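# Structural overview
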Amino acid sequence: MEITSTIKGGNTAEVRIKGELNIYNALAAKELLAGALADAQNVELDLSGVTEFDSSGLQLLVLACKETERKGHRFALSDRSEPVETVIRLFRMTEFFIVVPQEAQ
Amino acid sequence: MELELGQAIQTFITECQELLQEMESSLLTLEADPTDQDAINSLFRSAHTIKGSSGVLGIETVEKFTHFVENLLSRMREGEIRASEENIDLLLKCRDHISTLITLAAEGVEKVPAGIEAAGAALTERLARCLDVKEKTEAAAVEQKKEERHEGPSSKSDAWHISIRFGRDVFRGGMDPVSFISYLSKMGELTSATVLFDSMPSFEEMDPESCYLGFEIDLKSDFDKAAIENVFEFVREDAQIHILPPFSKIASYIELIQNLPEDKLLMGEILVNGGALTRSELDDALRKQHDSENTNEKARIGEILINGGSTYPEIIDAALEKQKRNQSASQREASTVRIDAAKLDALVDLVGELVISGANIDQHSQRVADSLLQESASVMLRLVEEIRESTMKIRMVPIGETFSRFKRVIRDISRELGKDMDLVITGGDTELDKTVIEKIGDPLMHLVRNAADHGIERPEDRRAAGKEAKGTVRLNACHDAGCIIIEVSDDGKGLDRDRIVAKATAAGLIQPGAQLSDQEVYRLIFEPGFSTAEAVTKFSGRGVGMDVVRKNIEALRGTIDIDSEQGRGTSMRIRLPLTMAIIDGFMVGVGGSPYIIPLDMVMECIELSETERSAADKRSYVNLRGQVLPYVRLREFFNERGARAAYENIVIVQYGGSRIGLVVDELFGEVQTVIKSLGRVYKDIKGLSGATILGDGQVALILDIPRLMQSVEATFLAKSA
């Protein structure tokens, strides 16, 4: 699992999470997220590369969201892989996160 | 219109036998795992069906008794009484009693014999005592108190409201809220679900491996409270769960709001959004609550506990798997059809006639030499062959069910004799003809009982002999060259050769000092009245067993062999022919009369040369490529007077590992015929298993090779002695 961060367009950080985002690496994921969020202002999270996702992963998303918003910035999801989409739908959280349209590659 | 009650009663009895079998199976399962809810549900359903059907048919004895049994099962199903060794044993005895009552009803016995009546009364009393000692769980008590506490208007919501705050350690416990929500959504319609993160701390404090999730869910479902509560079986200890049934009192919802950690207004909103309450109901109730708070005591909601206290070893996903499997199993059940055995027999007969008729047409079409006719005949014959195969398959039933019945036998004997035994079954899906299975049941039962009773030693004796304390009785079935082999074996103490010889000598069955092979000694136990058992137990040892077993097996044209090693164990091998009404045969001619040999027993045919013939006349065996081959002249055996052919042929047949040669005049080739029985007059003739009518109307006799071989071997041994 890896988390990468690129600055795009001014004060928005595009954070990409690849690999498994579940209980097995939740601790590591939080560390990496902390790093990615530390320097960022607005955050766009790209989860298209997430291969596995569970409640602990969801918690981290919510955590990141709350932290970003606490600092007064915007937190949004740009792309979600199927495992992520499944859990979000199951928990009826489709309205919870802001979703931005994906950039054409 | 006359009510066909007779037919209904027949159906009832057949159904009940199946249900009773199911009950026994469930009870044994429950014994191994007293928390198996499926087994309990199945038990209840079976008893309920038996009670209902017997009621409809006016069989009061069964109805009344089963009613008491159903009471206990109902409480067990609700979880108020847990399965224990004592009540499972009681239920097994009750099941047996129901079986007895049904048998009496089937036989038309009006008045139940006093002994059985008394037994039933004793069981009923035990049942009543079980019901008195009702174990009320906290849940029931809480339920009671809750019901009484709330009055006033009810919510119009027809959905269950589930409020859950998962414990911190849910993830560490190997579980995930995702599976719970997913499972709930399959139990009905999730009309609303709201996730709550209020308990999530700040970024620094948040522990990614702890769970901070909570849910407010509205679920429309036909499942009952127990089923919904059971979903959270594995997390109830750490979680806060509240479940409100549909149409709960509004006061209950208000109480819920009060007791949840989140903001009351937020909770109120969630309830309204989920449809549990309407806005006006919420406002009214909150106002009333506020008023009463100043006067009454605050009511406290108790935590709704999950029934029982047992934990299932399976995880939720496995439970879901089981649900899926049950659904497909019941789908499969729905696609079987119950057939009257007589109708099936009639069909088999007709197919037989069709085979003969087809052979006839084939013969004629060959002669006419019209290619179109031959082609049509050939197509028809192929279809007839397929019909024949399908029809034969219909009558085939896997033997596994019969084998499973013996689990109870082993269990009972284990308990009564203080032995530790396991029944291992292999080859359960080997298929036999239905009638054969019915007839082999009793002999097998006897052999299994023997193995458990006399074969397997007591645990102390086994340990002293260096064996494992737990003995094994093994049941195996397989196919072999047109036969089915059923083996009953055990790893017990084996047959005591010397004891058998002593007993047989004393009984005058053998001469003192006679030289006998092991096989011959073991075969002695099949003599009537023979038993070397030290103690006649209620299971076996009365000496009326083994000879009856052998007779039953021989009636099926089968054989039984014994293998035993002192101290290691015994194995009984039963061989039954698979030949049924229609056989593939090899036709031969003896003195002008046609005979048929079952094709799968025919190994080869060789011509008997002049020199061999005269040599063979002096000996009773033939030199076949260096091996000794006993033979029999069918001409002599059956006293045929017809002219002797210039050449003679030997047909070499094999059965059970032995071979003999049959000397015949002519070889005709393969033929397919229907076995017709010869009738009672010819029943005892050794060597014939039936007759058939050939395409040209001639009667051909069908040879019973196993019996023939036994007869020949006996003669052979006698001659060489």
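Residues numbered from 1 in each chain as written. Chains lettered and ligands numbered in written order. Predicted model: local features only at pLDDT ≥ 70, side-chain atom pairs only at ≥ 80, totals over all residues. Heavy atoms only, no water.

## Section: the overall build of chain B
Across its full length, chain B holds 23 helices and 21 strands. Split into buried and exposed, the 721 residues of chain B put 43% on the buried side. Counting only contacts in chain B whose residues sit at least 6 apart along the sequence, the fraction spanning at least 24 positions is 71%. (Helix = DSSP H or I, 4+ residues; strand = E, 2+ residues; numbered from the N terminus. Buried < 20%, exposed > 50% of the residue type's maximum accessible area, 1.4 Å probe, protein only. Contact = heavy atoms within 4.5 Å.)

## Section: the packing of helix α3 (residues 60-78) of chain B against helix α4 (residues 85-106) of chain B
All names here are of chain B. At a closest axis distance of 10 Å, the pairing of α3 and α4 adopts a crossing angle of 155°. Put simply, α3 runs roughly antiparallel to α4. In the crossing of α3 with α4, the sense of the turn from one axis to the other is left-handed. The segment α3 lies against α4, with T61, V62, F65, T66, V69, L72, L73 and M76 engaging N87, L91, C94, H97, I98, L101 and I102. Its residues assigned to classes, the contact of α3 with α4 comprises 11 nonpolar, four polar and no charged. (Axes fitted to C-alpha atoms, helices over the stretch in contact; angles between N-to-C directions. Parallel < 35°, antiparallel > 145°, perpendicular 65-115°, else oblique. Left-handed = near helix turned anticlockwise from the far one by under 90°. Nonpolar A, V, L, I, M, F, W, Y, C, P; charged D, E, K, R; others polar.)

## Describing the nonpolar core
If you look at soluble globular proteins, the nonpolar side chains tend to sit buried side by side. With 65 residues, the main nonpolar core has F91(A), M93(A), F97(A), F215(B), I217(B) and F232(B) as its most contacted residues. Among the elements that make up this core, the one with the highest residue count is helix α2 (residues 55-70) of chain A (seven residues). The contacts of F91(A), once residues within four sequence positions are left out, are S55(A), L58(A), P177(B), V178(B), I181(B), A193(B), V195(B), L213(B) and F215(B). In terms of nonpolar packing, the next biggest core, distinct from the first, is built from 43 residues, V409(B), L432(B), V488(B) and I510(B) among them. (Core = buried A, V, L, I, M, F, W, Y, C linked by side-chain atoms within 4.5 Å.)

## Comments concerning α3(B)
Residue and element names in this part refer to chain B. Between its terminal C-alpha atoms α3 stretches 27 Å, which fits the 27 Å expected from 19 residues at 1.5 Å a residue. All buried positions along α3 are accounted for by V62, F65, T66, V69, E70, L72, L73 and M76. G79 occupies a position one or two residues after α3 and carries a positive phi of about 90°. (Expected span 1.5 Å × (residues − 1).)

## Considerations on a nonpolar patch on the surface
All names here are of chain B. Among the surface-exposed residues, V337, I339, L347 and I394 lie close enough to one another that they form a single nonpolar patch of about 390 Å² accessible area. Relative to the helices and strands, V337 resides in the loop between α12 (316-334) and α13 (341-368). Judged by relative accessible area, V337 falls into the exposed class, the value being 71%. (Patch = residues over 30% accessible without salt bridge, like charges linked within 9 Å, V, L, I, M, F, W, Y side chains within 5 Å. Areas by Shrake-Rupley, 256 points an atom, 1.4 Å probe, with all protein chains shown as cover. Salt bridge = Lys/Arg side-chain N within 4 Å of Asp/Glu carboxyl O.)

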